[in-house]
Amino acid sequence: FRMTRISTDFGQPLSCESKKLVSDVRAKLKEKIHPQFDTDFNIYRFVANSERLYKKEKEIVDFTVKALNNHLRIRRAFKLDTDAVKTFDENPVFTKHYMPRGDIQVDAVDKHNRLMWYIDYASVTVETLAHVEKSSSSVKYQFWQFEYMLRLVMAQEAKTGKLSSLHHIIDMAGYEINPFTMLFVSSGTLSYYTQLFHYENYPELVSPGSMVNISRWIWLPYKMVKPVMPAGFADRFQLHDSSFIHGLKEEISEEHIPVSLGGTNTEIKCIPAQKQSEDKYWKPKDNVVLDALETIHVHARKKKFIRVDVDEVGKKISWYFRTDGDVYFGVFFVEGKGETIEEAKKEKKEEIDTDDMDMVYPYWKLTAKLVHERDELVCEKTGRYYLVFGNEHSWLTKRGVDVIVNVEKEDGKRRVHTDHSLSPSTVEF
């Protein structure tokens, strides 16, 4: 058995033990790893996350391989390694003031080689983002944010040769909870986003996250979230009341702490979020699309899909849907078209195996209730595309999805129905 501590701490070069684990993981990876992302530190972040969960070396390696393979699929589907990285100056989360912005102090590190990132949470309004942007856009913007943060940490590691991360200080002074925020917490949405970014795709990147100046009521949502979070959550997200400054100064020099938190730095600022008025909330343009939607029901623990055959590169598949709750949605691809009798039987039973397919549009949990989902995909290959709706996360409740799908063909645009049949497309969205 191994010790439960991670084999390399922040501020240290990778240990021999860590390097061996990284090497073992590399040897077992099924997905290709892009040179842009292929560093020992990036792989070790996934290893460290596994070390917190498992003791045996084989379990650590196997869990890491599974998590990293999934992340590499998302990186490729989302073109994280090939498209230009969006900076905070280009990310709508900050340019549209949906969230408060605090810039990462790239020249300031704590005693463990971690970049400092301060933010003031008093202006946070969860409902603005939920009512104005598609759920898929919210997830996409956060991926852009985390990828940009990763690049800054990678630069620090390249410069120092030591493991780095972001030491995130969140000032909770003046933050007030409301019913919408409580719903965000109690519905599991906050847990999902925390799991998606801090554990599944960017583990050990923001560590620790220290919430300071907390009020007593914070313990209520914290206690609701904590039981459904992975191991180590309490260590990674720490809560401190107004007596935090002494602990902070043990890790960080005074000149790297803002004046608002008891330090001497007058340059560190936070741009607050702006709450949108209700007249700016998203609304359907008209009822033409809504009246044309077809309904499918996705039963608990099941998937449903719409199959689209594409025989010319560059053609677009577009979709519009609304849901009565949260569902997973993504697009997967297999080469070729047509099917064997066995494949046809499997499809009729809706037992497609997305793990063996190329993910071409990331498979995320979305809620298209307040803002409906609409997007398109330019097909870079010919073959069969599956628009997949998943309800695997629910044990009892089925989900309703109202959807319309169009595909470009040589002789014009066609609508793809939920039974996979085609008809002339008469509705634009």
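Scroll up to find the structure this text is about.
Residues numbered from 1 in each chain as written. Predicted model: local features only at pLDDT ≥ 70, side-chain atom pairs only at ≥ 80, totals over all residues. Heavy atoms only, no water.

(A) Focus on the overall build of the protein chain. Along its length, the protein chain carries 13 helices and 17 strands. The C-alpha atoms of the protein chain give a radius of gyration of 23 Å, which matches the 22 Å a tight globule of 429 residues would have. Principal axes of the C-alpha set define a box for the protein chain whose edges measure 70 × 55 × 40 Å. Residues classed as buried in the protein chain amount to 51% of the 429 residues present. Considering only residue pairs separated by 6 or more positions, the protein chain has 80% of its internal contacts joining residues 24 or more positions apart. Of the roughly 20900 Å² of accessible surface on the protein chain, 51% is carried by carbon and sulfur atoms. Computed over 62 positive and 65 negative side-chain charges, the inter-centroid distance for the protein chain is 3 Å. (Helix = DSSP H or I, 4+ residues; strand = E, 2+ residues; numbered from the N terminus. Rg over C-alpha atoms; globule rule 2.2 N^0.38 Å. Buried < 20%, exposed > 50% of the residue type's maximum accessible area, 1.4 Å probe, protein only. Contact = heavy atoms within 4.5 Å. Areas by Shrake-Rupley, 256 points an atom, 1.4 Å probe, with all protein chains shown as cover. Lys, Arg positive; Asp, Glu negative; His and termini not counted. Charge placed at Lys NZ, Arg CZ, Asp CG, Glu CD.)

(B) Summary view of the pattern of salt bridges. On inspection of all chains with the given rule, the structure shows 32 salt bridges. Between R52 and E204 there is a salt bridge; the shortest N-O distance is 2.9 Å. With a gap of 152 residues between them, R52 in the loop between α2 (40-51) and α3 (57-78) and E204 in the loop between α8 (189-201) and β5 (206-212) connect regions that are remote in the sequence. Here R414 ties to D411 by a salt bridge, and the two come within 2.9 Å at their closest N and O atoms. Among the ionic contacts, a cluster of salt bridges with common partners joins R75, D81, E147 and R151. (Salt bridge = Lys/Arg side-chain N within 4 Å of Asp/Glu carboxyl O.)

(C) Fine view of the sheet that holds strand β11 (residues 326-335). With antiparallel pairing, four strands are arranged side by side in an open sheet as β9-β14-β11-β12. For this open sheet the edge positions go to β9 (303-310) and β12 (358-367), each flanked by a neighbour on one side alone. Taken pair by pair, the neighbouring strands of this sheet meet at an average axis angle of 15°, ignoring direction. Across seven bridges, β11 lies against β12 in antiparallel orientation. Residue pairing in the sheet places V331 in a bridge with Y361 of β12. (Pairing = 2+ DSSP bridges. Axes fitted to C-alpha atoms, helices over the stretch in contact; angles between N-to-C directions.)

(D) Up close: empty space enclosed by the protein. Overall, the coordinates contain one cavity of 30 Å³ or more when judged by the stated rule. In this structure, the largest cavity spans a volume of roughly 50 Å³. Surrounding the largest cavity, F37, N42, R45, F46, L150, N201, Y202, P203 and L205 form its lining. Here the lining of the largest cavity gets three residues from one element, more than from any other, and that element is α2. Partitioning the lining of the largest cavity into residue classes produces six nonpolar, two polar and one charged. (1 Å grid on protein atoms, 1.4 Å probe; cavity = no way out; pocket = protein on both sides within 12 Å on 5 of 7 lines; lining within 4 Å. Points joined across faces, edges and corners; volume = space filled by probe spheres on them. Nonpolar A, V, L, I, M, F, W, Y, C, P; charged D, E, K, R; others polar.)

(E) Structural view of α3. An ideal rise of 1.5 Å per residue puts 32 Å on 22 residues; α3 measures up with 31 Å between its terminal C-alpha atoms. Downstream of α3 by a residue or two, K79 has a phi angle that is positive, lying close to 55°. (Expected span 1.5 Å × (residues − 1).)

(F) Just the nonpolar core, in detail. One finds F143, I317, W319 and F389 to be the most contacted residues of the largest nonpolar core, which totals 83 residues. Examining the composition of this core, we find that 10 residues originate from one element, helix α6 (residues 135-160), more than from any other. I170, Y175, I218 and F233 belong to the second-largest nonpolar core, a separate cluster that totals 15 residues. (Core = buried A, V, L, I, M, F, W, Y, C linked by side-chain atoms within 4.5 Å.)

(G) Region of interest: the sheet that holds strand β2 (residues 104-109). Strand order in the open sheet made by the five strands is β2-β3-β4-β5-β6, with mixed pairing throughout. Across the chains shown, the open sheet's two edge strands, defined by having one partner strand only, are β2 and β6 (237-239). Ignoring which end each strand starts from, the neighbouring axes of this sheet average 25° apart. Taken together, the three bridges between β2 and strand β3 (residues 115-120) define a ladder with antiparallel strand orientation. For I104, the partnering residue across the bridge sits in β3 and is W117.

(H) Just the packing of aromatic side chains, in detail. Enumeration over the complete set of coordinates arrives at 26 aromatic pairs. Ring centres 5.8 Å apart and planes at 45° place the aromatic pair Y192 and Y193 in the tilted group. Aromatic pair F329 and Y361: ring centres 5.9 Å apart, planes at 65°, arrangement edge-to-face. Of this pair, F329 sits in strand β11 while Y361 is found in strand β12, placing the two residues 32 residues apart along the sequence. (Phe/Tyr/Trp six-rings, centres within 6.5 Å; stacked < 30°, edge-to-face > 60°.)

(I) Geometry of the packing of α2 against α3. Between α2 and α3, the shortest axis-to-axis distance is 9 Å and the interhelical angle comes to 130°. As summarised for this structure, α2 and α3 are arranged oblique, according to the angle between their axes. Like other packed secondary-structure pairs, α2 and α3 cross with a definite hand, here right-handed. Within the contact between the two elements, α2 uses I43, F46, V47, N49, S50 and E51 and α3 uses I60, F63, T64, A67, L68 and H71. Considering only residue class, the contact of α2 with α3 consists of seven nonpolar, four polar and one charged. (Parallel < 35°, antiparallel > 145°, perpendicular 65-115°, else oblique. Left-handed = near helix turned anticlockwise from the far one by under 90°.)

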